[in-house]
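Close look at the chain arrangement
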Amino acid sequence: MLRFTIRRLVSGVILLFVISSVAFLLLNLGAGDVGRRILGPGATADTVALKNQQLGLDQSVFTRYVDWLGGAVRGDFGSSWFTSQPVDQAIVSRLAVTLSIVVGATIASGVIATVLGVWAARRRGWADKLVQVIAVLGFAIPGFLVAIFLVNVFALNLHWFKPTGYVQMSTSFTGWMSSVTLPIAALSIGAIAAIVQQVRGSVIDAQRQDWVRTLRSRGLSENRIVFKHVLRNAGGPALAVLAVQFIGLVGGAVIVEQIFAIPGLGQISVSATAQGDVPLVMGLVVVVGALVVIVNLLIDLIQGFLNPKVRVS
């Protein structure tokens, strides 16, 4: 397991290098006249040229990438071109906000999808059809429409939650719960739709196996068979889908944070991309890429714990 973990970490570092290289190339090819955008249309040509020189834009893309990579390896991602704020400070101050929503949505999606998937697989009939209808609707309805619906119903009409804003957990736990409930619900709908189908199919396939019939012949209760044995064997594919959904939830958080006016990574992602703020965008690319690598590694380790066959392979 240690060798496997080391291999995955090495491959993750290589993946981050490739992603950062491609992103840096694409961002700089489409950067345009950054100095003009920073100083405004009233700036003289000499002032704009001096600003571009200060930003290092008079150098080749390769030289700029080597300089950026050298700083990134040391943990220095530079400063924002437009706000002059260090990139690491701009990201760290918002990362916890986004992660609280994304991790909350991931946990809620996994728990709800598992319950619904097992229920549909065991009951079949109308319960199975109901769950499949829910899954189809979850796939079909865009997340931003769900977010707008939740705001209109539960915030503006029923006044159960505030429509916008974010409260730090350290300030008030109940206030934090109130501020993240609707965003988590909006993000979870699509993820539940994807995971519940996988859980349902895996449980149905596992229940048809010979070893399950053997357990039944030994007099074990159906609940014990399902929750102790079937779910453990069916959890691998569902966890793989959950990892993919986590990555999708990070992207979906960009839109949801805009709707609920939450000061997470979504806000600076939109503004930095629109402005062409290369240092800030590159910092975001590395952070999101690192999250993807870490989540996939954790999922692989959990699968190995649940299924001995995975450990052997």
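Per chain, residues are indexed from 1 in the order of the written sequence. Local features in this predicted model are restricted to residues of pLDDT 70 or higher, and side-chain atom pairs are both shown and tallied only at a pLDDT of 80 or more, whereas totals for entire chains, interfaces and linings draw on every residue. With hydrogens and water set aside, each side-chain value is computed from the structure's full complement of heavy atoms.

**As for the overall build of the protein chain**
- When helices and strands are tallied, the protein chain shows 13 helices and zero strands.
- For the protein chain, restricting intrachain contacts to residue pairs at least 6 apart in sequence, the fraction spanning at least 24 positions comes to 71%.
- What sets the accessible areas is the Shrake-Rupley method with a 1.4 Å probe; for residues, cover comes only from the shown protein chains. Approximately 16,800 Å² of the protein chain is accessible, and the part contributed by carbon and sulfur atoms is 66%. Helix and strand definitions follow DSSP, with helices as H or I runs of at least four residues and strands as E runs of at least two, each counted in order from the N terminus. In this description, contact between two residues means that some pair of their heavy atoms is separated by no more than 4.5 Å.

**Points about the side chain of Ser-179**
- In this fold, Ser-179 is placed in helix α8 (residues 173–207).
- The definition of a polar contact used here is a pair of N or O atoms within 3.5 Å, where within protein one atom must be able to donate a hydrogen and the other to accept one, and adjacent residues in sequence count solely through side-chain atom pairs. Separated by 3.4 Å, the side chain of Ser-179 and the backbone nitrogen of Val-167 make a polar contact.
- A polar contact is formed between the side chain of Ser-179 and the backbone oxygen of Trp-176, at a distance of 2.8 Å.

**Section: a nonpolar patch on the surface**
- Among the surface-exposed residues, Leu-2, Ile-6, Val-10, Ile-14, Phe-17, Val-18, Val-22 and Leu-26 lie close enough to one another that they form a single nonpolar patch of about 770 Å² accessible area.
- Position of Val-10 among the secondary structure elements: in helix α1 (residues 2–29).
- You can call Val-10 partly exposed: its relative accessible area is 45%. Put simply, a patch holds well-exposed residues, over 30% relative accessible area, that have no salt bridge, with like charges counted together within 9 Å and Val, Leu, Ile, Met, Phe, Trp or Tyr side chains within 5 Å. Salt bridge criterion: a side-chain nitrogen from Lys or Arg within 4 Å of a carboxyl oxygen from Asp or Glu. Any residue under 20% of the maximum accessible area for its type is buried, any over 50% is exposed, and the rest in between are partly exposed; the area is computed with a 1.4 Å probe on protein chains only.

**Concerning the environment of Pro-279**
- Along the chain, Pro-279 falls in helix α12 (residues 278–306).
- For Pro-279, a relative accessible area of 10% corresponds to the buried category.
- Those residues within four positions of Pro-279 in sequence are excluded, and the remaining contacts are Phe-77, Ser-79, Trp-81 and Val-87.

**Quick notes on the side chain of Ser-202**
- Residue placement: Ser-202 occurs in helix α8.
- Residue Ser-202 is classed as buried on the basis of its relative accessible area of 11%.
- Every residue in contact with Ser-202, bar those within four places of it in the chain, is listed here: Ala-234 and Pro-237.

**With respect to the nonpolar core**
- Of all hydrophobic cores here, the largest spans 53 residues; its most connected members are Leu-187, Val-203 and Phe-260.
- Mapped onto this core, the elements with two or more residues apiece are α5 (87–123), α6 (125–140), α7 (143–157), α8, α9 (210–217), α10 (222–259) and α12.
- Here this core takes 16 residues from α8, the largest share from any one element.
- In contact with Leu-187, other than residues within four places in its own chain, are Ile-101, Ala-105, Leu-249, Gly-252, Ala-253 and Val-256.
- Core analysis: the second largest hydrophobic core is formed by 23 residues, Ala-23, Phe-24, Trp-68 and Leu-291 among them. Here the nonpolar core consists of buried residues drawn from Ala, Val, Leu, Ile, Met, Phe, Trp, Tyr and Cys, with membership extended through side-chain atoms lying within 4.5 Å.

**Observations concerning α8**
- To estimate the expected span of a helix, subtract one from its residue number and multiply by 1.5 Å. Along its 35 residues, α8 runs just 42 Å from first to last C-alpha, ending more than 12% under the 51 Å computed at 1.5 Å per residue.
- Along α8, the sharpest kink reaches roughly 35°, centred on Ser-188. Bend is the name given here to the angle between axes fitted to two runs of seven residues, the run ending at a residue and the run starting at it.

**Things to note about the packing of α7 against α8**
- To get an axis, a line is fitted to the C-alpha atoms, and for a helix only the part in contact is used. The angle between two axes follows their N-to-C directions and goes from 0 to 180 degrees. Two elements in contact, α7 and α8, have axes whose closest approach is 9 Å; the angle formed by their N-to-C orientations is 145°. Here α7 runs over α8; the crossing is right-handed. Contacts between α7 and α8 involve Gly-143, Val-146, Ala-147, Leu-150, Phe-154 and Ala-155 from the former and Leu-182, Ala-185, Ala-186 and Ile-189 from the latter.
- Taken together, the residues that form the contact of α7 with α8 break down as nine nonpolar, one polar and no charged. For any helix crossing, the convention is left-handed if the near helix is rotated counterclockwise from the far helix by under a right angle, and right-handed if that rotation is clockwise. Lys, Arg, Asp and Glu make up the charged group, whereas Ala, Val, Leu, Ile, Met, Phe, Trp, Tyr, Cys and Pro make up the nonpolar group; the residues left over, Gly among them, are polar.

**A closer look at unusual backbone geometry**
- Here the phi dihedral of His-159 falls at roughly 60°; this positive angle occurs in a residue that is not glycine.
- By secondary structure assignment, the location of His-159 is in the loop between α7 and α8.
- We classify His-159 as exposed; its relative accessible area is 60%.
- With phi around 55°, Ala-261 is a residue other than glycine that occupies positive phi space.
- Examined against the element boundaries, Ala-261 turns out to sit in the loop between α10 and α11 (265–275).
- Taking the relative accessible area as the measure of exposure, Ala-261 reaches 35% and is therefore partly exposed.

**Here we look at α7**
- Between its terminal C-alpha atoms α7 stretches 20 Å, which fits the 21 Å expected from 15 residues at 1.5 Å a residue.
- Along its length, α7 shows its largest kink, about 25°, at Val-151.
- Three or more residues of α7 are buried, namely Val-146, Ala-147, Leu-150, Val-151 and Ala-155.
- Taken from the residues just after α7, His-159 is the one with a positive phi, measuring 60°.

**Quick look at the confidence of the model for the protein chain**
- pLDDT runs from 0 to 100 and stands for how confident the predictor is about each residue. On average, residues of the protein chain score 82 in pLDDT, and 95% of them reach the 70 mark or higher.
- Looking across the protein chain, the model is least confident in helix α13 (residues 308–312), with a mean pLDDT of 54, and most confident in helix α4 (residues 61–73), with 88.

**Thoughts on the packing of aromatic side chains**
- Centres within 6.5 Å make a pair out of two Phe, Tyr or Trp rings, where for Trp the six-membered ring is used; the pair is then stacked when the planes are under 30 degrees apart, edge-to-face when over 60, and tilted otherwise. Within this structure, the stated rule accounts for eight aromatic pairs.
- Each ring, one from Trp-68 and one from Phe-77, has its centre 6.3 Å from the other, and the planes form 50°; the classification is tilted. Accessibility assignment for this pair places Trp-68 and Phe-77 in one class, buried.
- The interplanar angle of 40° and the centroid separation of 5.6 Å between the aromatic rings of Phe-154 and Trp-160 together place this pair among those described as tilted.
- By way of ring pairs, the aromatic residues Phe-17, Phe-24, Tyr-65, Trp-68 and Phe-77 are connected into one cluster.

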